[in-house]
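Summary of the model geometry
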Amino acid sequence: MDVPLWFALLAVGYLGVKLFRPPLWLICALLLGGYLLADSLFASVIDTAVK
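In this report, the structure presented in the accompanying data block is examined. Every chain is numbered independently, its residues counted from 1 as its sequence is written. Totals for whole chains, interfaces and linings use every residue, but because this is a predicted model, local features are given only for residues with pLDDT of at least 70 and side-chain atom pairs only at 80 or more, for both listing and counting. Only hydrogens and water are set aside; all other atoms, that is, all heavy atoms of the structure, feed into the side-chain values.

Turning next to the overall build of the chain. Scanning the chain from N- to C-terminus turns up 3 helices and 0 strands. The numbering of helices and of strands both runs from the N terminus, where a helix is a DSSP run of H or I of at least 4 residues and a strand a run of E of at least 2. Starting at the N terminus and walking to the C terminus, you meet the elements of the chain as α-α-α. In this scheme, a residue with accessible area under 20% of its type's maximum is buried, one over 50% is exposed, and one in between is partly exposed, where area comes from a 1.4 Å probe on protein chains only. A burial count over the chain gives 0% of its 51 residues as buried. Taken as a whole, the chain presents about 5000 Å² of accessible surface, with 76% of it coming from carbon and sulfur. Computed with the Shrake-Rupley method and a 1.4 Å probe, the accessible areas treat only the protein chains shown as cover for residues.

On the surface, a nonpolar cluster with roughly 670 Å² of combined accessible area is contributed by Met1, Val3, Trp6, Phe7 and Leu10. Checked against the element boundaries, Leu10 lands in helix H1 (residues 5–20). Residue classification places Leu10 among the exposed positions, given a relative accessible area of 54%. For patch building, the residue pool is restricted to those with more than 30% relative accessible area and no salt bridge; the joining distance is 9 Å between like charges and 5 Å between nonpolar side chains (Val, Leu, Ile, Met, Phe, Trp, Tyr). Just to be clear on terms, a salt bridge is a Lys or Arg side-chain nitrogen sitting within 4 Å of an Asp or Glu carboxyl oxygen.

Before going further, it helps to examine the environment of Gly16. Relative to the assigned elements, Gly16 resides in helix H1. Excluding anything up to four places from it in sequence, Gly16 contacts Arg21 and Pro22. It only takes one pair of heavy atoms within 4.5 Å for two residues to be counted as in contact.

One pass over the structure, following the stated rule, counts 1 salt bridge. A salt bridge links Asp47 to Lys51; the nearest nitrogen and oxygen atoms lie 3.8 Å apart.

Glancing now at the packing of aromatic side chains. Any two of the Phe, Tyr and Trp rings considered here, Trp counted by its six-membered ring, make a pair once their centres fall within 6.5 Å; the pair's planes then place it as stacked at under 30 degrees, edge-to-face at over 60, or tilted in between. According to the stated counting rule, one finds 1 aromatic pair in the structure shown. Taking the centre distance of 5.9 Å and the plane angle of 85 degrees together, the rings of Trp6 and Phe7 count as edge-to-face. Exposure remark for Trp6: the relative accessible area of 60% places this residue in the exposed category. A residue is classified by how much of its surface remains accessible, and Phe7, at 45% relative accessible area, is partly exposed.

So, on to the environment of Ala8. Following the sequence through the fold, Ala8 ends up in helix H1. Accessibility expressed as a relative area gives 31% for Ala8, which makes it partly exposed. Along the chain, Ala8 and Phe20 lie 12 residues apart, while their C-alpha atoms are 18 Å from each other.

Okay, structure coming up:
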């Protein structure tokens, strides 16, 4: 079964918010931080560390 990555992330995110009930500011901070980090100089460092 092939599931698109965006759909899997959306489903996991929805279930995580539904089950764990994190505060809204934490969700926004994680999304904004991930977005800003992906477009920074640290993106290449993180990419090599993950691989």
